[in-house]
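What follows is the residue order along each chain.
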Amino acid sequence: MLGIESSCDETSIAVVKNGREVLSNEIASQIDIHTRFGGVVPEVASRNHILCINNVLKKSLETAGVTIDDIDAICVTYGAGLSGALMVGVNFAKGLAFACNKPLVAVNHIKGHISANYIQNKTLKPPFLCLVVSGGHTAILKIDDFLHHTLIGQTLDDAIGEAFDKVARVVGLGYPGGPKIDKEAKNGEYNLHFVKKSDLDKTYNVSYSGLKTAVINYLHTKEQNHEPINVADVACSFEHEAVDMLVEKVVRAAKEFGFKTVTMAGGVAANSYLREQMQLACEKNNLELTYPSLILCTDNGAMIGAEGYNNLILDSNVCYDLSVSPNPSLKL
Ligand code: KG4
Ligand code: ZN
């Protein structure tokens, strides 16, 4: 399978065998380009995808030691994501599929993040529980089989990744927010308390807008009083509160629904404090934990190849033709 990913600021193309074995996973990141703007500029992202996608394909085939003739299907992210950025990947994939007479498999980006776990853990099979934590999603899902899932809980407002990015911006750490908070938090202490007890505590749902606003209000008050801010302590305290509420809910859900295996998916699953806390909580509760390696947590083509493989093999409704178009607000 060829897996093509261009939904945001990475252009990535991978060659994946049997949905689990990564032969290549080339990633051209645009982080340096967007850093000076303080965030991803959609038009700039699209233009850079156009500039590099052909070379990324060449490198990916070369690294895998295959030619396009060895590829059985072309899998591409068609949503969710930035409209123009998706357009580049989808149209590139369509052109390739048409020219080489290969099936085209349209892949849901978030389902791709979940399938990164099959690459990481070669024996992993549904059913299992998955914590999806990304720039646009925060959800606890029951993965029923390779194609279907059931929602157990989710954010009622902002996604966790959005909260990391916003807090990084207001505290002056800038883009990319998640990794910067992760790094800075290691120099700080959890000595600030932003979240209060809430009715959500007993449920599997979470809310991040309250936490985000509490951090912003704290910073404003400090500024008005001309008091110094300890950025590392703010990062560490925010990170603890954002992560702790999820870990508790995931473990509780695994117990209530009788799951032995827990997984994580999405960019925020790269967070070192989340990985550490989840590991501790799962060990304590006799749960098996799988999470993708750092490179497979953030956007990459391999996860799209893995998810596309499942669709091609198992989904009789999969769209194989060239009629697919990008869907920026595609739901899970
Ligand atoms: O999964 P992803 O690519 O987004 C969507 O597909 O929606 O993840 C991007 C998000 C961003 O919000 C980014 O700040 C966050 O993942 N992220 C992190 C870390 N690395 C990436 N958040 C916390 N700690 C990290 N180390
Ligand atoms: Zn993503």
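Here, the structure is the one placed above.
Here the structure is a predicted model, which means the values were calculated and not measured.

**Details of the pairing of strand 1 (residues 2-5)**
Now for step 1: Residues of strand 1 alternate between two faces, with Leu2 and Ile4 on one and Gly3 and Glu5 on the opposite face, all of them buried.
Now for step 2: Relative to strand 2 (residues 10-17), strand 1 runs antiparallel, the two being bridged by four bridges. Paired with Ile4 across the strands is Ile13, a residue of strand 2.
Now for step 3: The turn joining strand 1 and strand 2, which pair antiparallel and follow one another in sequence, is formed by four residues.
Now for step 4: Both strand 1 and strand 4 (residues 74-79) contribute to a ladder of three bridges, which runs parallel. Looking across to strand 4, one finds that Leu2 is bridged to Ile74.

**Quick word on the packing of helix 5 (residues 160-170) against helix 8 (residues 231-257)**
Working note: a packed helix pair is described by the angle between its axes plus the distance between those axes.
Now for step 1: Close contact between helix 5 and helix 8 brings their axes to 11 Å; oriented N to C, the two are set at 175 degrees. With respect to helix 8, the axis of helix 5 lies roughly antiparallel. Taking contact as the criterion, the partners of Ile160, Ala163, Phe164 and Val167 in helix 5 are, on helix 8, Phe238, Glu239, Ala242 and Leu246.
Now for step 2: Of the residues assigned to the contact of helix 5 with helix 8, the class counts are seven nonpolar, no polar and one charged.

Cut-offs used in this document
Residue numbering note: each chain is counted from 1, following its sequence as written. Chain labels run from A onward and ligand labels from 1 onward, assigned in the order the entries are written. It should be noted that, the model being predicted, local features are given only for residues of pLDDT at least 70 and side-chain atom pairs only at 80 or more, the latter also being counted only at that level, while totals for whole chains, interfaces and linings use all residues. The basis for every side-chain value is the complete set of non-hydrogen atoms in the structure, without hydrogens or water. Partly exposed describes any residue whose relative accessible area lies between the buried limit of under 20% and the exposed limit of over 50%, with all areas from a 1.4 Å probe on protein chains only and scaled to the type maximum. Helix and strand definitions follow DSSP, with helices as H or I runs of at least four residues and strands as E runs of at least two, each counted in order from the N terminus. Only strands that DSSP links by at least two bridges are regarded as paired with each other. Axis definition: a line fitted to C-alpha atoms, over the contacting stretch in the case of helices. Angles run 0 to 180 degrees between N-to-C directions. For classification purposes, angles smaller than 35 degrees are called roughly parallel, those larger than 145 roughly antiparallel, those between 65 and 115 roughly perpendicular, and all remaining angles oblique. For this analysis, residues touch if any pair of their heavy atoms sits within 4.5 Å. Any residue outside Ala, Val, Leu, Ile, Met, Phe, Trp, Tyr, Cys, Pro, Asp, Glu, Lys and Arg is labelled polar, Gly included; the first ten of those are nonpolar and the last four are charged.

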